[in-house]
Amino acid sequence: MPTVEQPKENSWEPRIIAFFCNWCTYTAADLAGVSRLRYAPNARIIRVMCSGRVDPQFILDAFSKGADGVLIGGCHPGDCHYMEGNYKALRRMQLLKRMMKDMGIEEKRFRLEWISASEGERVKTVINEMTDQVRALGPLGLPKKFAEWDKELESLEHEVNGKRDTIHA
Amino acid sequence: MPDKPKVAFYWCASCGGCEESVVDLAESILDVVAAVDIVMWPVAMDFKKKDVEAMADGSILVSLVNGAVRTSEQEEMAKLMRKKSKLIIAYGSCAHTGGIPGLANQFGREELLRYIYEESPSTVNPQKTRPELKVIANGSTVTLPNFFNIVRALDQVIDVDYYLPGCPPTPKLLKQALEVLLSGKLPEKGAVLAPDIALCDECPKKDTKPSDLKFTEFKRPHWMQIDPKVCLLAQGILCMGPATRGGCEGVCISGNMPCTGCFGPPSRIKDQGAKILSALASQVEAKDEKGIDETLATIPDPVGTFYRYGLPVSLLRRKNFNSTG
Ligand code: SF4
Ligand code: SF4
Ligand code: FES
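The shown structure was predicted, so the numbers you read here are calculated from the model rather than taken from an experiment.

1. Some points on the overall build of chain A
Across its full length, chain A carries six helices and four strands. In sequence order, the secondary structure elements of chain A are arranged as β-α-β-α-β-α-β-α-α-α. In chain A, which comprises 169 residues, the share counted as buried stands at 51%. Considering only intrachain contacts with a sequence separation of at least 6, the fraction spanning at least 24 residues in chain A is 77%.

2. Section: the overall build of chain B
When helices and strands are counted, chain B shows 11 helices and nine strands. Against the 2.2 N^0.38 benchmark of 20 Å for 325 residues, chain B shows a C-alpha radius of gyration of 22 Å, consistent with a compact globule. The buried share of chain B, reckoned over its 325 residues, is 51%. Summarising the internal contacts of chain B: among those between residues at least 6 apart in sequence, 74% fall at separations of at least 24. If you sum the accessible surface of chain B, you get close to 15,100 Å²; carbon and sulfur atoms cover 54% of it. Both charge centroids of chain B, one from 38 positive and one from 39 negative side chains, sit 3 Å from each other.

3. What about the confidence of the model for chain B?
Summarising the model, chain B shows a mean pLDDT of 94, and 98% of its residues fall at 70 or more. Across the predicted assembly, pTM comes out at 0.92 and ipTM at 0.93.

4. Concerning the interface of chain B and chain A
Between chain B and chain A, the contact holds 50 residues from the first and 40 residues from the second. Of the roughly 4,300 Å² buried where chain B meets chain A, counting both sides, 60% is carbon and sulfur surface. Interface area lost by chain B to chain A is led by Lys 287, Leu 316 and Asn 320 of chain B, which between them contribute 17%. If you look at where chain B meets chain A, you find six salt bridges. Between Arg 317 of chain B and Asp 150 of chain A there is a salt bridge, with the nearest N and O atoms lying 3.2 Å from each other. For the side of chain B that touches chain A, the elements supplying multiple residues, two or more each, are helix 3 (49-53), helix 4 (72-84), strand 8 (147-152), helix 9 (272-281), helix 10 (289-296) and helix 11 (302-306) of chain B. For the side of chain B that touches chain A, the leading source of residues is helix 4 of chain B, giving six residues.

5. A short note on the packing of helix 3 (residues 85-102) of chain A against helix 10 of chain B
Running from amino to carboxyl end, helix 3 of chain A crosses helix 10 of chain B at an angle of 55°, the nearest separation of the two axes being 10 Å. If you check the angle between helix 3 of chain A and helix 10 of chain B, you find them oblique. When you trace helix 3 of chain A past helix 10 of chain B, the crossing you get is right-handed. Residues Leu 90, Arg 91, Gln 94, Leu 95 and Arg 98 of chain A of helix 3 of chain A touch helix 10 of chain B, and the partners they reach there are Glu 289, Ile 292, Asp 293 and Leu 296 of chain B. In terms of residue class, the contact of helix 3 of chain A with helix 10 of chain B is made up of four nonpolar, one polar and four charged.

6. Points about unusual backbone geometry
Along the chain, Cys 167 of chain B connects to Pro 168 of chain B via a cis peptide bond; the corresponding omega equals -5°. Inspection of the secondary structure puts Pro 168 of chain B in the loop between strand 9 (162-164) and helix 7 (171-183). For Arg 36 of chain A, which is not glycine, the phi torsion reads 55° and is therefore positive. With respect to the helices, strands and loops of the structure, Arg 36 of chain A is situated in the loop between helix 1 (25-34) and strand 2 (43-48). For Arg 36 of chain A, a relative accessible area of 75% corresponds to the exposed category. With a phi close to 55°, Lys 128 of chain B is a non-glycine residue in the positive phi region. Along the chain, Lys 128 of chain B turns up in the loop between helix 6 (109-119) and strand 6 (134-137).

7. Describing the site of ligand 2
Around ligand 2 sit Leu 199, Thr 244, Cys 248, Val 251, Cys 252, Cys 259, Thr 260, Gly 261, Cys 262 and Phe 263 of chain B, and that is every residue in its neighbourhood. Of the residues assigned to the shell around ligand 2, the class counts are seven nonpolar, three polar and no charged.

8. Overview of the sheet that holds strand 2 of chain A
All names here are of chain A. Ordered by their spatial adjacency, four strands build an open sheet running 2-1-3-4, and the pairing between neighbours is parallel. Where the open sheet ends on each side, the last strands, each with one partner, are strand 2 and strand 4 (110-114). Geometrically, the sheet is characterised by an average inter-axis angle of 20° between neighbouring strands, direction not taken into account. Of the strand pairs in this sheet, strand 1 (residues 16-21) and strand 3 (residues 69-74) are connected by five bridges, and their pairing is parallel. Across the sheet, the residue bridging to Ile 17 is Val 70, located in strand 3. Helix 1 rests against strand 1, strand 2 and strand 3 of the sheet, and its axis sits at about 110° to strand 1. Sheet strands touched by helix 3: strand 3 and strand 4. Its angle to strand 4, the strand with the most contacts, is close to 160°.

9. With respect to the domain arrangement of chain A
Residues and elements named next belong to chain A. Per the domain assignment, the segments making up chain A are domain 1 (16-138) and domain 2 (140-169). Here domain 1 and domain 2 have C-alpha centroids that lie 39 Å from each other. Taken together, the nine residues of domain 1 in the interface contact five residues of domain 2. For the pair domain 1 and domain 2, the summed buried area comes to about 480 Å², and 67% of that belongs to carbon and sulfur atoms. When the area that domain 1 buries against domain 2 is broken down by residue, the three leading residues are Phe 63, Ser 64 and Ile 105, summing to 52%. Summed over the shared surface of domain 1 and domain 2, the number is zero salt bridges. Grouping the amino acids of the side of domain 1 that touches domain 2 by side-chain chemistry returns three nonpolar, three polar and three charged.

10. Brief notes about the pattern of salt bridges
Overall, the coordinates contain 30 salt bridges over all chains when judged by the stated rule. Salt-bridge contacts for Lys 65 of chain A lead to Asp 61 of chain A; the nearest nitrogen and oxygen are separated by 2.8 Å. Grouping residues by exposure puts Lys 65 of chain A and Asp 61 of chain A together as buried. With a closest N to O distance of 2.6 Å, Lys 79 of chain B and Glu 75 of chain B form a salt bridge.

About the cut-offs
- Residues numbered from 1 in each chain as written.
- Chains lettered and ligands numbered in written order.
- Predicted model: local features only at pLDDT ≥ 70, side-chain atom pairs only at ≥ 80, totals over all residues.
- Heavy atoms only, no water.
- Helix = DSSP H or I, 4+ residues; strand = E, 2+ residues; numbered from the N terminus.
- Buried < 20%, exposed > 50% of the residue type's maximum accessible area, 1.4 Å probe, protein only.
- Contact = heavy atoms within 4.5 Å.
- Rg over C-alpha atoms; globule rule 2.2 N^0.38 Å.
- Areas by Shrake-Rupley, 256 points an atom, 1.4 Å probe, with all protein chains shown as cover.
- Lys, Arg positive; Asp, Glu negative; His and termini not counted.
- Charge placed at Lys NZ, Arg CZ, Asp CG, Glu CD.
- pLDDT = per-residue confidence, 0-100.
- Buried area = accessible area lost by both parts, 1.4 Å probe.
- Salt bridge = Lys/Arg side-chain N within 4 Å of Asp/Glu carboxyl O.
- Axes fitted to C-alpha atoms, helices over the stretch in contact; angles between N-to-C directions.
- Parallel < 35°, antiparallel > 145°, perpendicular 65-115°, else oblique.
- Left-handed = near helix turned anticlockwise from the far one by under 90°.
- Nonpolar A, V, L, I, M, F, W, Y, C, P; charged D, E, K, R; others polar.
- Near = heavy atom within 4 Å.
- Pairing = 2+ DSSP bridges.
- Domains from an automatic or database assignment.

This is the structure we're talking about:
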């Protein structure tokens, strides 16, 4: 996954990565588009074949590369094309949510929604709501934090590789 | 007689177990000692930093560095060993993936120092004295290394050529690695010197691992009589085998203890914790939020369980604080 482009300091806009199931939520998002529903432009939609295909690694990867929020859209319970995919997604997300809380990532940055192919309006509502919630939380900005943490390492470089009078205890 | 190849051992934030594993080579250690010239080994020999500094750059064939990096002193020594060595091996879980010390990445630096120097039950420190980087007493200056904000795996500080996984690595893997390196037939740079398979693939209990599990509860090993012949996951015990690299030959499993993940993930897995989380959670039996949560609540500490040895190299690296904490 390429690095999610970092917004400029003063013009920050939430960046939400949305994994949408091909059979339902992605089609609903299409419908929303065709129906010219206006919704926040903050979600970057990635089409997957089933919500059960969303590996928790994808979600952490999105956050670590600069996403401020991650949204997953799948078929309603009982409607998954692959029978169990959405239940698997739900189970994973319940545990991931708990784990991310322990890792200091707010629960509201992360959402799983069942949206069927006909629910274009719902796509609009969910994306708008989530954009507002994430905007209220502010940027997560992990790539910037990683770079900041690593500043503490640079300081010694010259002492080892340059000339320095070593003090021997 | 031509000079024997020079080998060095160094330790950073570690427990000493990796040193022990070198000694565990038993009689074969004599072959190693006969074949090489050990030029640095703080736990066993009296070489100093200045001895290493006096050596020509790249003159050590291989340095085996264990431990995570938490302080500026460890960083400095890691960089010195890198400069003086042709090859660096990250030896053991802490150097490879951050290891147990890496679990400290769940806490902020200030939080840790406050607990250790002020709040822990065994601390008596009414003046709240903290170690200073520099103290001048009786006209002489004493310095201490800096305690970094986060714990790092070795390759987050210096360039690493090979990795020997394990907490600690097994003598068999160490012996194989030394033989390969001394033979001059070098593996591809960046290789983990253990088979690239999941532990389940070499587990003595693998034939009893069901393809589909239905968890209703995760049991702790001390709660029950474990059937020594049956896959631990099939008995409801959380085993990291599916997301962990093989190579240890299932030493813990053979002792009827679940794998806790010390070999890190095989190469196709990027984040060991997220992967095992996925594998376990998706096989919970319940279909409703409440039922799912009840089953998953029997995993009391997901971060400490799934990232026991690998938090610093996980995708999130450490707990997120809104300040640098
Ligand atoms: S889950 Fe554990 S006990 Fe079962 S096959 Fe894998 S490593 Fe062996
Ligand atoms: S079974 Fe797991 S924890 Fe035990 S040595 Fe092997 S990899 Fe490490
Ligand atoms: S096919 Fe839509 S969630 Fe599985």
